[in-house]
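# Coordinate inspection notes
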Amino acid sequence: MNILEIEKLCKNYKNFTLDNVSFNLPEGAIMGLIGENGAGKSTIINLITGAVQKNGGNIKIFGKPQENLTDEDHACIGTVLSGCGFPEEMTVGMAERVMRGMYKNWDSSAFLKYAADFQLPLKKKIRTLSTGMKMRLEIAAALSHNARLLILDEVTNGLDPAARMDVLDMLLDFIQDERRSVIISSHIVGDLEKICDYITFIHQGKIVFSENKDDLLEEYAIINIDDAQLKELDETAVIAVNKTSCTQTALVLKNKIPGTFECEKAGIEDIMVYYIKRSDKA
């Protein structure tokens with residue numbers, strides 16, 4: 001079953017259009033949204049959360065049209081956006097009490113455990129917390145009301161590498177209940193490669209691909225190539241070429257190039273960057 005279904009989603013702004021975006025997120029999976037700044041990642045997140053209204057298309061969550069979700073359904077969605085949503089004069093402990101009053105399925109013991117793991121002092125005012133600590137508070141809250149769907153936008157911003165790894169590990173623990181799923185956007189593509197089952201790449205408001213991560217890593221490779229070799233290859237095998245003063249490399253589809261070429265592994269960030277290069281030259 002898909003926990004989230006996006007079909008031909010559109011949003012028009014004065015200087016930007018989200019154009020017929022479609023993808024599905026199954027239960028028990030993590031999907032990473034990747035793309036350059038301004039590509040449309042946050043627009044998609046805002047449309048899924050209902051923070052902005054779509055101009056076209058359909059969003060289904062838990063198999064229901066977004067507009068038909070009940071209060072109980074909304075309580076099963078955890079959201080963390082950039083910026084802290086708690087009043088600055090609250091303490092961490094006060095924030096926990098407020099959330100306890102908002103959610104029938106709030107788990108105080110889970111929050112207190114996350115607060116301890118994240119080193120969040122309960123008596124400290126939120127305005128005194130660093131940007132990274134505020135983000136940890138938001139994540140702790142999102143993980144503490146037994147949500148089935150987590151929607152996370154740039155949640156690892158401001159966190160040091162060790163704290164980022166803690167967050168990623170928590171997300172992996174979260175989906176061990178296979179009825180739960182996560183959609184997460186981040187410009188730190190390496191983080192997403194570590195934990196995501198699916199990658200959705202959006203560029204200039206359009207979906208480039210939405211695929212299983214392991215399939216992507218098997219599908220693409222990077223090769224060193226000169227101009228003569230490039231001319232011999234099937235044009236459909238070459239996604240994009242990167243030429244410097246010393247070297248020339250190409251992102252290619254592995255199953256379309258001769259076995260005489262020595263292939264290097266292409267990471268998710270490599271694939272994204274080469275696709276953007278191709279688009280810039282188009």
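Before reading on, note that the structure itself is shown above.
Below is a short write-up of the structure. (Residues numbered from 1 in each chain as written. Predicted model: local features only at pLDDT ≥ 70, side-chain atom pairs only at ≥ 80, totals over all residues. Heavy atoms only, no water.)

## A few points about the packing of aromatic side chains
If you walk through the whole model with that rule in mind, you get five aromatic pairs. Here a set of aromatic residues connected by ring pairs shows up, and it is made of Phe-201, Phe-209, Tyr-220 and Tyr-275. (Phe/Tyr/Trp six-rings, centres within 6.5 Å; stacked < 30°, edge-to-face > 60°.)

## Quick notes on the side chain of Asp-191
Take Asp-191: it is sitting in helix H7 (residues 189-195). A polar contact of 2.8 Å, which involves the side chain of Asp-191, links it to the side chain of Arg-164. With residues near it in sequence (within four places) discarded, Asp-191 still touches Thr-156, Arg-164 and Leu-168. (Helix = DSSP H or I, 4+ residues; strand = E, 2+ residues; numbered from the N terminus. Polar contact = N/O pair within 3.5 Å; in protein donor to acceptor, adjacent residues only side chain to side chain. Contact = heavy atoms within 4.5 Å.)

## A word on the pairing of strand S2 (residues 17-26)
Sheet analysis places strand S1 (residues 2-12) next to S2, joined by seven bridges and oriented antiparallel. Note that in S2 the partner of Leu-9 across the bridge is Val-21. Linkage of S1 to S2, two consecutive antiparallel strands, is achieved through a turn of four residues. (Pairing = 2+ DSSP bridges.)

## Focus: the sheet that holds strand S12 (residues 238-243)
Pairing is antiparallel across the open sheet formed by four strands, whose spatial order is S12-S13-S11-S14. The open sheet has two edge strands, S12 and strand S14 (264-265), and neither has a second partner. As judged from the five bridges shared by S12 and strand S13 (residues 248-253), these two strands associate in the antiparallel manner. Note on S13: the bridge partner recorded for Val-238 is Val-252.

## Quick word on the sheet that holds S1
Strand pairing in a sheet relies on backbone hydrogen bonds. The paired strands run either parallel or antiparallel. Here we have four strands laid out as an open sheet, ordered S2-S1-S4-S5, and antiparallel in their pairing. Because the sheet does not close on itself, it has two edges, and the strands there are S2 and strand S5 (64-65).

## Focus on unusual backbone geometry
The phi torsion at Asn-20 lies on the positive side, around 50 degrees, for a residue other than glycine. Within the secondary structure, Asn-20 sits in strand S2. Phi at Gln-204 is positive, roughly 50 degrees, even though this residue is not glycine. Looking at the secondary structure, you find Gln-204 in the loop between strand S9 (198-203) and strand S10 (206-212).

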